[in-house]
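Notes for the structure review
The residues making up each chain are set out below.
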Amino acid sequence: METLKTGYQVQSYDVPVKRYCQTLDLRDSPELIAEYRKRHSQAEAWPEILAGIREVGILEMEIYILGTRLFMIVETPLDFDWDTAMERLNTLPRQQEWEEYMAIFQQAAPGMSSAEKWKPMERMFHLYNT
């Protein structure tokens, strides 16, 4: 079983991939955070949103949480263009409705798209070639 202490299995692909890492803060409310978690559960995540993520070319998306801080990892093919994909995602069915549905939990200005809310993180270290 995957847990915080045992680690999380990652997907392997037959092609090289690249990774985007982003962060977003939630409002400091245990009740709101519990509801945010619930809305992202497999039972409650909207199928149209999951399909849209795949449709724009995202291979994998993971969201981690520590207190009010979210950390998202997105894996894509090497030829993936973030800006183009996010513009397209923003036009897909129910995406705007989902953003509004999630906005009450997030420390972000009303009406912001997913691409505007989630802030890219800079990789400052990696072990691969050391």
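Per an unreviewed UniProt entry, the protein chain goes by L-rhamnose mutarotase and derives from Bacteroides xylanisolvens.

The next subject is the side chain of glutamine 106. By secondary structure assignment, the location of glutamine 106 is in the loop between α4 (95-103) and α5 (114-117). Ignoring sequence-local partners within four residues, the contact set of glutamine 106 consists of Leu24, Asp25, Leu26, Arg27, Tyr36 and Lys117.

Of the strand pairs in this sheet, strand β1 (residues 17-25) and strand β3 (residues 69-77) are connected by 9 bridges, and their pairing is antiparallel. The residue of β3 that forms the bridge with cysteine 21 is isoleucine 73. Taken together, the 2 bridges between β1 and strand β4 (residues 119-120) define a ladder with antiparallel strand orientation. Note that in β4 the partner of glutamine 22 across the bridge is proline 120.

What follows concerns the confidence of the model for the protein chain. Chain-level statistics for the protein chain give a pLDDT mean of 94 and a share of 99% at 70 or above. When pLDDT is averaged over each element of the protein chain, helix α1 (residues 30-39) comes out on top at 98 and α5 at the bottom at 91.

On to the packing of aromatic side chains. For the structure on display, the rule yields 9 aromatic pairs. When the ring of tyrosine 20 is compared with that of tryptophan 82, the centres are 4.7 Å apart and the planes differ by 40 degrees; the resulting orientation is tilted. Of the two residues, tyrosine 20 sits in strand β1 while tryptophan 82 sits in helix α3 (residues 82-89), which places them 62 residues apart along the sequence. Aromatic side chains tryptophan 46 and tryptophan 98 sit 5.0 Å apart centroid to centroid with 70 degrees between the ring planes, which places their arrangement in the edge-to-face category. With a gap of 52 residues between them, tryptophan 46 in the loop between α1 and α2 (47-55) and tryptophan 98 in helix α4 connect regions that are remote in the sequence. Tryptophan 98 carries the same exposure label as tryptophan 46, and that label is buried. The ring centre of tyrosine 101 lies 3.7 Å from the NZ or CZ of arginine 39, which sits over that ring. Between arginine 94 and the ring centre of tryptophan 46, over which it is positioned, the NZ or CZ distance is 3.9 Å.

Conventions used here
Residues numbered from 1 in each chain as written. Predicted model: local features only at pLDDT ≥ 70, side-chain atom pairs only at ≥ 80, totals over all residues. Heavy atoms only, no water. Helix = DSSP H or I, 4+ residues; strand = E, 2+ residues; numbered from the N terminus. Contact = heavy atoms within 4.5 Å. Pairing = 2+ DSSP bridges. pLDDT = per-residue confidence, 0-100. Phe/Tyr/Trp six-rings, centres within 6.5 Å; stacked < 30°, edge-to-face > 60°. Buried < 20%, exposed > 50% of the residue type's maximum accessible area, 1.4 Å probe, protein only. Lys NZ or Arg CZ within 6 Å of the ring centre and 35° of its normal.

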